[in-house]
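Residues per chain, in single letters:
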Amino acid sequence: MRIEPVIKVSKINHYYGTGQLRKQILFDISTEIQAGEIVIVTGPSGSGKTTLLTLIGALRSVQEGSLTVLGQQLNRANNKLLENVRKNIGFIFQSHNLLTSLTASQNVQMSLALHGGISKREAERKAQAILEMVGLGERVNYYPNQMSGGQKQRVAIARALVTNPSVILADEPTAALDKKSGRDVVEMLQYLAKQQDCAILLVTHDNRILDVADRIISLEDGFLTSSKNTSSNNSHRLASLKWELINHVEDLSLKDFLSLLQQVTGEFQSFLILIDNEATRKCLEEIIEAITLKITHLLQAERSTIFIVDDTPGNLWSKIVQSNRKKLLKVGITAHFGIAAHVSATRECLNIPIASQDYRYSPAIDEQTGYQTRNILCLPILNSQSKVLAISQVLNKIGNNCFDRKDEQLLGEFSQQISAIFDIWCHLQKLHKSSITGKH
Ligand SMILES: Nc1ncnc2c1ncn2[C@@H]1O[C@H](COP(=O)(O)OP(=O)(O)O)[C@@H](O)[C@H]1O
Ligand SMILES: [Mg+2]
């Protein structure tokens, strides 16, 4: 049996303004949300998130397409019906919208009173109970200006949940909060909603909370660009892209390689970025390995290495990925190396034709590995803020030559094109560290 979705959005278009000023804001949006599901709508400012939310919340009338919320068609619905639908929705906004002249308890009771059919005593009791659930049992008689931002937002959650709505619509509920309170608020919302089997549609561009979602919808310029379950079966697309990338490093043209890499990066950015687990880590590592192989071939070098810069002060990099023309040589963890350390500090591109004559070159490494470095080309991989994310280094041009200007340019351009994947690595590292330090 198919369970009817709580929210069904089908081919919605929306416009603001009239005449020449009429501008389309939403384009052909379709999606469904089931009971108990937490869906996050993300996307840049101005992409139409709030507009979509207010349409679903029956706060704005549908112009084109069809919208069903809790079994009611909202198109051409009369005011009475819209009001009824709104009663079954809990709204939470960026600014808590509490009435400053009322206490926490009275704010929550207001919501019950608007619903009607409940005695004052009963309303008091319910307000007390829900405020206790959100951890404000001691603050029921506080006024909003006696509470912190996070506490006020928790009152707003209590107010939205106290009537047992079937749907919660939250617009940037963490925008005004610091990281910790933002997370607390969202986790609480998640917990309470799961208890009440309530569907949540949460608009946010706060990347730090995406992981509470069962599904993430991305809006860009009014278009729904992706809709992904965060459960494992949806890493399927990423897995197949990655497979193609890794297994065809050599046969893929540079253009196709970069295009695949861009798609992989996009997949990470749209949802996986926040999931810090073994699988994500391994997947990223494999992609970085494939990149080193591509560099080796591209530059006609014997070997190439990528040093990934670690954020921890004093640690230059956390990981080294190295390959020769045939295979991966090593994925190591280390503290520093001569040439790469120099490049990391200066951000210069170093092209050293005769390694043994350069003061920055350390023969100790060759002595250890038994390899003979003749020449080195080494440059930094920077992000858009010019932060050094990694160092790319190639050794020994094949055929007894040196690396020339063209090689420098090629590696430079390639490094620019691949930098986004290192941004993701960096982000994952941070998440990993905060999850370690967050545990006591
Ligand atoms: N009431 C309105 N009248 C005209 N244009 C609007 C109105 N509300 C929003 N817009 C425009 O619609 C676009 C989408 O806005 P909005 O839905 O608020 O996006 P988001 O919530 O993603 O930031 C923006 O370009 C915004 O300027
Ligand atoms: Mg908005």
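These remarks concern the structure in this document.

Here is what the cut-offs are and how they apply
Residues numbered from 1 in each chain as written. Chains lettered and ligands numbered in written order. Predicted model: local features only at pLDDT ≥ 70, side-chain atom pairs only at ≥ 80, totals over all residues. Heavy atoms only, no water. Phe/Tyr/Trp six-rings, centres within 6.5 Å; stacked < 30°, edge-to-face > 60°. Buried < 20%, exposed > 50% of the residue type's maximum accessible area, 1.4 Å probe, protein only. Lys NZ or Arg CZ within 6 Å of the ring centre and 35° of its normal. Core = buried A, V, L, I, M, F, W, Y, C linked by side-chain atoms within 4.5 Å. Helix = DSSP H or I, 4+ residues; strand = E, 2+ residues; numbered from the N terminus. Pairing = 2+ DSSP bridges. Right-handed = clockwise from strand over helix to strand, strands pointing away. Near = heavy atom within 4 Å. Polar contact = N/O pair within 3.5 Å; in protein donor to acceptor, adjacent residues only side chain to side chain. Areas by Shrake-Rupley, 256 points an atom, 1.4 Å probe, with all protein chains shown as cover. Nonpolar A, V, L, I, M, F, W, Y, C, P; charged D, E, K, R; others polar. Salt bridge = Lys/Arg side-chain N within 4 Å of Asp/Glu carboxyl O.

**Here we look at the packing of aromatic side chains**
Then comes step 1: This model, assessed by the stated rule, comprises three aromatic pairs.
Then comes step 2: A ring pair is formed by F91 and F93, whose centres lie 6.0 Å apart and whose planes are at 5 degrees; its orientation type is stacked.
Then comes step 3: Given a relative accessible area of 27%, F93 falls into the partly exposed group.
Then comes step 4: Directly above the ring of Y15 sits R22, whose terminal nitrogen or CZ lies 3.8 Å from the centroid.
Then comes step 5: Sitting over the face of the ring of Y142, R139 holds its NZ or CZ atom 4.9 Å from the ring centroid.

**Describing the nonpolar core**
Then comes step 1: Among the nonpolar cores identified, the biggest contains 40 residues, and F268, I287, I291 and F422 are the most heavily contacted of them.
Then comes step 2: Going through the elements one at a time, α7 (236–247), α8 (254–270), α9 (278–298), β11 (301–309), β15 (376–382), β16 (388–397) and α12 (405–438) are the ones with two or more residues in this core.
Then comes step 3: With nine residues, α12 is the single largest residue contributor to this core.
Then comes step 4: Listed in part, the 39 residues of the second largest apolar core include A123, A156, L177 and A193.

**Description of the pairing of strand β7 (residues 167–171)**
Then comes step 1: For β7, a buried count of five out of five residues is recorded, marking the element as mostly surrounded by other parts of the structure.
Then comes step 2: Along β7, one buried face is formed by V167, L169 and D171 and the opposite face, lined by I168 and A170, is buried too.
Then comes step 3: Note that strand β6 (residues 89–92) and β7 share four bridges and pair parallel. Bridged to I92 within β7 is A170.
Then comes step 4: Across five bridges, the pairing between β7 and strand β8 (residues 199–203) is parallel. Its bridge partner lying in β8, I168 is registered against I200.
Then comes step 5: Crossover handedness for the path β7 to helix α6 (residues 179–196) to β8: right-handed.

**What to know about the site of ligand 1**
Then comes step 1: As a structural note, the neighbourhood of ligand 1 is formed by Y16, I25, P44, S45, G46, S47, G48, K49, T50 and T51.
Then comes step 2: Within the contact set of ligand 1, an oxygen atom lies 2.5 Å away from a side-chain nitrogen or oxygen of T51.
Then comes step 3: Protein coverage of the free-state accessible area of ligand 1, which is 560 Å², stands at 59%.
Then comes step 4: Of all the elements, helix α1 (residues 49–56) adds the most residues to the shell around ligand 1, at three residues.
Then comes step 5: For the shell around ligand 1, the residue count by class is three nonpolar, six polar and one charged.

**With respect to the pattern of salt bridges**
Opposite charge on two side chains permits them to pair, given that their charged atoms come into close proximity.
Then comes step 1: Within this structure, the stated rule accounts for eight salt bridges.
Then comes step 2: With a closest N to O distance of 3.0 Å, R215 and E37 form a salt bridge. One end of the pair, R215, is in strand β9 (residues 215–220); the other, E37, is in the loop between β2 (23–33) and β3 (38–42), and 178 residues separate them in sequence. Taken individually, R215 and E37 each receive the classification buried, so the pair is uniform in this respect.
Then comes step 3: When the shortest N-O distance is used, the salt bridge between R125 and E122 registers 3.1 Å. In this pair, R125 and E122 are both assigned in helix α4 (residues 120–133), three residues apart and thus about one turn of the helix distant.

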